[in-house]
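Reading the structure
What follows is each chain in one-letter form.
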6 protein chains.
Amino acid sequence: MSDETRADGRTPQQLRPVTIERGWSSQAEGSALISFGGTRVLCTASFTPGVPRWLAGRGTGWVTAEYSMLPRSTNERMQRESVRGKIGGRTHEISRLIGRSLRAVIDTKALGENTIVIDCDVLQADGGTRTASITGAYVALADAIEWARSEGHIARKAQPLRDSVAAVSVGIVGTTPMTDLAYVEDSSAETDMNVVVTGSGDFVEVQGTAEGVPFNRAELDGLLDLALTSASELAEIQRSVLAEGR
Amino acid sequence: MSDETRADGRTPQQLRPVTIERGWSSQAEGSALISFGGTRVLCTASFTPGVPRWLAGRGTGWVTAEYSMLPRSTNERMQRESVRGKIGGRTHEISRLIGRSLRAVIDTKALGENTIVIDCDVLQADGGTRTASITGAYVALADAIEWARSEGHIARKAQPLRDSVAAVSVGIVGTTPMTDLAYVEDSSAETDMNVVVTGSGDFVEVQGTAEGVPFNRAELDGLLDLALTSASELAEIQRSVLAEGR
Amino acid sequence: MSDETRADGRTPQQLRPVTIERGWSSQAEGSALISFGGTRVLCTASFTPGVPRWLAGRGTGWVTAEYSMLPRSTNERMQRESVRGKIGGRTHEISRLIGRSLRAVIDTKALGENTIVIDCDVLQADGGTRTASITGAYVALADAIEWARSEGHIARKAQPLRDSVAAVSVGIVGTTPMTDLAYVEDSSAETDMNVVVTGSGDFVEVQGTAEGVPFNRAELDGLLDLALTSASELAEIQRSVLAEGR
Amino acid sequence: MSDETRADGRTPQQLRPVTIERGWSSQAEGSALISFGGTRVLCTASFTPGVPRWLAGRGTGWVTAEYSMLPRSTNERMQRESVRGKIGGRTHEISRLIGRSLRAVIDTKALGENTIVIDCDVLQADGGTRTASITGAYVALADAIEWARSEGHIARKAQPLRDSVAAVSVGIVGTTPMTDLAYVEDSSAETDMNVVVTGSGDFVEVQGTAEGVPFNRAELDGLLDLALTSASELAEIQRSVLAEGR
Amino acid sequence: MSDETRADGRTPQQLRPVTIERGWSSQAEGSALISFGGTRVLCTASFTPGVPRWLAGRGTGWVTAEYSMLPRSTNERMQRESVRGKIGGRTHEISRLIGRSLRAVIDTKALGENTIVIDCDVLQADGGTRTASITGAYVALADAIEWARSEGHIARKAQPLRDSVAAVSVGIVGTTPMTDLAYVEDSSAETDMNVVVTGSGDFVEVQGTAEGVPFNRAELDGLLDLALTSASELAEIQRSVLAEGR
Amino acid sequence: MSDETRADGRTPQQLRPVTIERGWSSQAEGSALISFGGTRVLCTASFTPGVPRWLAGRGTGWVTAEYSMLPRSTNERMQRESVRGKIGGRTHEISRLIGRSLRAVIDTKALGENTIVIDCDVLQADGGTRTASITGAYVALADAIEWARSEGHIARKAQPLRDSVAAVSVGIVGTTPMTDLAYVEDSSAETDMNVVVTGSGDFVEVQGTAEGVPFNRAELDGLLDLALTSASELAEIQRSVLAEGR
């Protein structure tokens, strides 16, 4: 792998500065304001006893997510989806990805008949908004589960979280595989891959897309290696943030 | 006026702590993260040369605003308006109020054929979200205008801002007129009034509503007095924030 | 106050001719076709036993309102909101205002678990459509309550109406405060204020907006005086219309 | 044909009282408030020079119609289509029928590149709202064309109206063919037919539907005879109303 | 009636080649892929035990239909109605027509509290899509009823189908009455009539529209004669297709 | 890899029977009815000279896709998205995937300023609808390009297609990696991966999702091997279908 430096001075293998402000919201049962460099996402977890009707009576819980961008999170203002009257394809796709990623590490039996809705609202966007969302959402989720345990909604010994989960984007810029792409890098990447990885290093999602020329098996393997390394760094940051008292 | 203390220890005439973080967003031409106690609103101003088609060729600019609440800004999660597929009445009403309030202090001729869109996104809500939005929006607007001047979109000597503008909610809780109502106070107020006032102390908007029993002329007069006093404190805070270098 | 005459020959303090045709509809439980000069609004009150689910079991009733304009009520045809697929901000705002105004004079306990929906459909618009709507809606509401009493849905001795309610627009045209603005006056007013007043002379709503330059305290006081006088004339007209047999 | 009397005392061949109030609206270029017994429809015609883009440059005009019912025009209040966010099938179908009926008697070349939009808003419904709409719409249309001629939008000698048009509902109630069905008759009719006929007695639309058992050729023939007779009475009423000065 | 030949070589009284492929879908309880020449419609019948809530407890079933065109079923691609976010007037109108036509031959008591939804999706359009839909829908419906009987959802001796139903379009092209109009004929027809007829030769629907000049009684009679003849040929084709083992 | 047989008798490495009926539609410029076993998708390609406004003047073309399922393509009838009034997340996601996959093999410069819209309508669904759609869409696209060349819309020597593209779903069912999952297999798969591959064996998209437990690197590698083998078989089928005269 190359060691050429990037526009912001990073090496290809280096994440942007990651900060996670736990408990940013005093309203939500769990929350985290996460930054991947200039990308800032407010993740809140809303806990409600009970489940949607179609799931009732099975003894299992439900976790879902909604992703959205503020209209001026980006360099040019976008129209609000509430004003357009419908949710775009990209928004749907990312909301579904975040939900699936979190459900992959949730034991819904241990969660009991409870619902947790995660909201990921992008306050400022500079690439990697979906991967920052997943990574921050996990922290908000973990705190909401702790809250529910302390309130008696979840049994003291139940372990709804089977593992942690984090996500990173990797891509081939020019011919160099790079991690955690900033917006300008993402725009010029030939291949763009979002990888969601558990704390123990298994894959939850692998989504690779050729933006320009298709990629071969060797390039794919290189990107997967890079993603696993970065994801384990993110898992370590999540662990240390959650180790602090709330 | 009574001097009984409130749940949060304030006197009836006392505002909650007000903080304004200018330039919170690195994407927008102007921005301010404003807090009125637990209420936090991110205000961004998006400047675009040119005006909507229906206004073109008249040499005047356009300022408009959109207000929105994050789904978990409140104590119970609300459904997103983008998911419901339509914008609620309250949202429309507040967006229109913010826009009118800002236009009252804008000289659209001096602005030239330029458009400024203000987004007020409530990150956390504890009463007074519309008044905090107006107060913060003015700061974002002022910065966007400075930016436009520095970029040459507005003539160096043009003065698009004729005055400053701020807003405060006042209400009768029990029998006591109080300023800057927090959510619990607002919920129990007999009368609720939002007042938008210029820096020079004139009214832009007066919106008083009897939530319980109708109010008489003397009560109305008392509330207006209180509002004018609080608004002049907010104007002073705006002035001092804008006096700092950006 | 000035006594200069207006385009239609009125003095500044003079209402336009007001007519209220009670029971215009043979379908609704209460109805009134009200005219404020060229403004004509059909107000119907629909009574239904029972309340929305969120209110059930509390022993209180519910009153709500919907306002709409026929597409060719105005000088230029407007697109129908049903065709656009969404309700505009102004429509929402006025519907909410009418509902709040009526609820201010309703004792929902005395109404019992019953729902009354008021529809105000503007057949022809010449300024003051919201104030005519409120004034006419009260008459339709009163008749619907009488109907419900006669049908046994409301106890014979219950008094759901605590007071009457009427509304008037006042504004400063040029420098003259004027009442009940016609469309051409409203368009050129510097300040526009809608005031909702009970039959006993208390305020339910005060909504003043500077269309041009902000207004000062003395101007506000003058407008409030004028509004109270006009509102008491409207209350008298309502009383006399309701005194006739249905 | 039977001569048994109906609930409202009519013979099977007798129309309800028909009244047409021309020029009801002072805003529209043409208007008529038409009553077929308890059914009351406000028809307005909005004239605009020019045509929709897809028709421009061909020297032909455009006539279209929109039908709507006020929410409390009926015995039970219906939800507004603007609130539901979409227009129902029945509304679409009737709007299209009215438009086609009017276009059948319009010479769009003689109309020139002008657009006329007809709005038919049902204020009170008691059966036959679509046939009353068509019959009233023709009067509003005729007046709008006269207005356009007087304003010089249409050449003095142009004859955009080739004929008049009116509509009537006929049906088999029990075994008796009856004309101009009131709501209770329409609800119990075995077969329901709406027939649109020109002033010279030709068909523009024939829409017959078996609500209960299918109908045979003889029954169809009987209904068509009845419809032609009633339509000629309506044409006579239209003629006499239009013969009066406006 | 004329015997001049048409663009595709048919006589005026001749249907296009009609094919019905029963059981095209292995998912639906009944299905038919019907062709009227180049028009191809996939009709599926979905059987569900139970009825919509507003019909429950009356011992009667429900049959309804939805019609839709694939975006490239036509010569120029149309925008999908799901993308436009609303269903057009024509689609609503045809869906309602198909539903009414099928209900005219269904004994809903004999159907019991069961629901059958018919979907008619036009895969390729060359005129007569609504008449082909009705004709094919009957076959799918008949198969779904057989399926329900074999599964025990409908009593062995119940006869929910009182008759068969088919539909045909007829029109006056030039001055010649013609049956089963192809797209080019339909576009140039002066009068266009869709006629829905039972197997025993009674009318369910007659919908005639003057596209150009209004039509007189004699022309109407000629078209009805032609429609009855064609409909009986379609009924014969339905009978022979249903006579084969499934 | 295991050689245990599946419910339908296939080996884990075996595709279902694949058929491609080219030119199924006589309306579209290119079309293919593709079957992967019980999954049947009608793919049409609509060619239009010119590009959307945002792309005009750059000399490049545009290819986009829309995916949809007929309501009764599945075992239980689904509500139409046109009826619900909005397009679901899954539909958006698959439409975007198909579009990206096709664009990966298109040289938009060689296409010139022309637009091709691919519609993939699922007539019957039994797993793998998105992969069948991509595979069939390529054939329709190739034919539309040939058509455009023959009509002179594309230069005779231009080669807009750089390669072919096909897609296959692979997954781990139990512990066995299997290709081309039928619906029952897909529902029970632990991991589900859709892989889009060019004719020359490079990746366009890799989308792997852990439905149950996360998957490790070795499992991922096994699935990728299987996908590449199946994709090359599909490419061979595409080649042979396109080698036949149209």
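Small disclaimer: the values here were computed from a predicted structure and weren't measured. (Residues numbered from 1 in each chain as written. Chains lettered and ligands numbered in written order. Predicted model: local features only at pLDDT ≥ 70, side-chain atom pairs only at ≥ 80, totals over all residues. Heavy atoms only, no water.)

**Concerning the pattern of salt bridges**
For side chains bearing opposite charge, pairing can occur when the charged atoms are close. This model, assessed by the stated rule, comprises 126 salt bridges over all chains. Close ionic contact of C:Glu93 with B:Arg96 constitutes a salt bridge, the shortest N to O distance being 2.8 Å. A residue pair is termed interchain when its members come from two chains, as with C:Glu93 in helix H2 (residues 89–103) and B:Arg96 in helix H2 (residues 89–103). Among the salt bridges present, the one from C:Glu146 reaches C:Arg149, with a minimum N-O distance of 3.3 Å. Here the residue C:Glu146 and the residue C:Arg149 both occupy positions in helix H4 (residues 129–150), the gap between them amounting to three residues, near one helical turn. Judged by its relative accessible area of 43%, C:Glu146 is partly exposed. Residue C:Arg149 is classed as buried on the basis of its relative accessible area, which comes to 11%. (Salt bridge = Lys/Arg side-chain N within 4 Å of Asp/Glu carboxyl O. Helix = DSSP H or I, 4+ residues; strand = E, 2+ residues; numbered from the N terminus. Buried < 20%, exposed > 50% of the residue type's maximum accessible area, 1.4 Å probe, protein only.)

**What about the interface of chain A and chain B?**
Facing 34 residues of chain A, the contacting portion of chain B comprises 34 residues. In this assembly, chain A packs against chain B so that about 2,800 Å² is buried in total across both faces, 47% of it on carbon and sulfur atoms. Where chain A touches chain B, the interface holds 12 salt bridges. Between chain A and chain B we count 26 residue pairs in polar contact (both at pLDDT 80 or more) in total. Elements that contribute at least two residues to the side of chain A that touches chain B include exactly strand E3 (39–49), strand E4 (62–69), helix H1 (81–84) and strand E5 (114–124) of chain A. In terms of residue class, the side of chain A that touches chain B is made up of 13 nonpolar, 12 polar and nine charged. (Contact = heavy atoms within 4.5 Å. Buried area = accessible area lost by both parts, 1.4 Å probe. Polar contact = N/O pair within 3.5 Å; in protein donor to acceptor, adjacent residues only side chain to side chain. Nonpolar A, V, L, I, M, F, W, Y, C, P; charged D, E, K, R; others polar.)

**With respect to the relation of the copies chain A and chain B**
For these two chains of identical sequence, chain A goes onto chain B by a turn of 180° and a shift of 0.0 Å along the axis, with RMSD 0.0 Å. Considering both components of the superposition, the chain copies are consistent with a two-fold axis. Closest to the rotation axis within chain A is the C-alpha of A:Ser82, separated from it by 1.9 Å. Both copies share a contact surface, since 100% of the interface residues of chain A are interface residues in chain B too. (Least-squares fit on C-alpha atoms with pLDDT ≥ 70 in both.)

**Things to note about the sheet that holds strand E9 (residues 203–210) of chain B**
Neighbouring strands of a sheet are bound in pairs by backbone hydrogen bonds; such pairs are parallel or else antiparallel. With antiparallel pairing, eight strands are arranged side by side in an open sheet as E7(B)-E6(B)-E8(B)-E9(B)-E9(C)-E8(C)-E6(C)-E7(C). Of all strands in the sheet, those bounded by a partner on one side alone are strand E7 (176–179) of chain B together with strand E7 (176–179) of chain C. Recorded for the sheet is a direction-independent mean angle of 15° between the axes of neighbouring strands. Alignment of strand E6 (residues 165–173) of chain B against strand E8 (residues 189–198) of chain B, held across nine bridges, turns out to be antiparallel. (Pairing = 2+ DSSP bridges. Axes fitted to C-alpha atoms, helices over the stretch in contact; angles between N-to-C directions.)

**With respect to the arrangement of the chains**
Between chain A and chain D there is no contact, and the shortest C-alpha to C-alpha separation is 10 Å. There is a gap between chain C and chain F: no contact, and a shortest C-alpha distance of 11 Å.

**A closer look at the UniProt feature "domain: Exoribonuclease phosphorolytic" (unreviewed entry) in chain A**
Residue and element names in this part refer to chain A. In the numbering adopted here, UniProt assigns the feature "domain: Exoribonuclease phosphorolytic" (unreviewed entry) to residues 14–144 and 164–228. Split by type, residues 14–144 is 30% helix and 32% strand. Its first and last C-alpha atoms lie 30 Å apart. As annotated, residues 164–228 has a helix share of 28% and a strand share of 48%, and its two end C-alpha atoms lie 14 Å apart. (UniProt positions renumbered as here; feature names shortened; annotations may be inferred.)

**Overview of helix H6 (residues 217–243) of chain C**
Residue and element names in this part refer to chain C. Look at H6: 39 Å from first C-alpha to last across 27 residues, which is about the 39 Å you get at 1.5 Å a residue. The complete set of buried residues in H6 reads Leu220, Gly222, Leu223, Leu224, Leu226, Ala227, Ser230, Ala231, Leu234, Ala235, Gln238 and Val241. Its side-chain oxygen placed 3.1 Å from the backbone nitrogen of Ala218, Asn216 serves as the N-cap of H6. (Expected span 1.5 Å × (residues − 1).)

**Quick word on the UniProt feature "binding site: phosphate" (unreviewed entry) in chain A**
Within this structure's numbering, the places UniProt gives as "binding site: phosphate" (unreviewed entry) are A:Arg90, A:Gly128, A:Thr129 and A:Arg130. These annotated residues cover 41 residues of sequence, and their C-alpha atoms all fall within 13.5 Å of one another, placing them together at a single site. Locating A:Arg90 in the fold gives a position in helix H2 (residues 89–103). The residues touching A:Arg90, leaving out its near neighbours within four places in the chain, are A:Tyr67, A:Met69, A:Thr129, A:Arg130 and F:Arg96. Side chain to side chain, A:Arg90 and A:Tyr67 meet in a polar contact 3.1 Å long. In this structure, A:Thr129 sits in helix H4 (residues 129–150). Not counting chain neighbours up to four residues away, the residues in contact with A:Thr129 comprise A:Thr39, A:Val41, A:Tyr67, A:Arg90 and A:Val122. Within the structure, the side chain of A:Thr129 is placed 2.6 Å from the side chain of A:Tyr67, a separation counted as a polar contact.

**So, the packing of aromatic side chains**
In total, this model carries 18 aromatic pairs over all chains according to the counting rule given. A centroid spacing of 5.1 Å and a plane angle of 80° characterise the contact between D:Trp54 and D:Trp62, whose relative ring orientation is edge-to-face. The class of D:Trp54 is exposed, set by a relative accessible area of 52%. Here D:Trp62 falls in the partly exposed class, since its relative accessible area comes to 23%. Sitting over the face of the ring of A:Trp24, B:Arg40 holds its NZ or CZ atom 3.9 Å from the ring centroid. (Phe/Tyr/Trp six-rings, centres within 6.5 Å; stacked < 30°, edge-to-face > 60°. Lys NZ or Arg CZ within 6 Å of the ring centre and 35° of its normal.)

**Concerning the sheet that holds strand E1 (residues 18–22) of chain E**
Residues and elements named next belong to chain E. Reading across the sheet, the five strands line up as E1-E2-E3-E5-E4 and stay open at both edges, with mixed pairing between neighbours. Looking along the sheet, the strands with just one partner apiece sit at the ends: E1 and strand E4 (62–69). Recorded for the sheet is a direction-independent mean angle of 15° between the axes of neighbouring strands. Each of E4 and strand E5 (114–124) is contacted by helix H2 (residues 89–103), which is oriented at about 145° to E4, the strand it contacts most. The strands touched by helix H4 (residues 129–150) within the sheet are E1, strand E2 (30–36), strand E3 (39–49), E4 and E5, with E3 carrying the most contacts at an inclination of about 35°.

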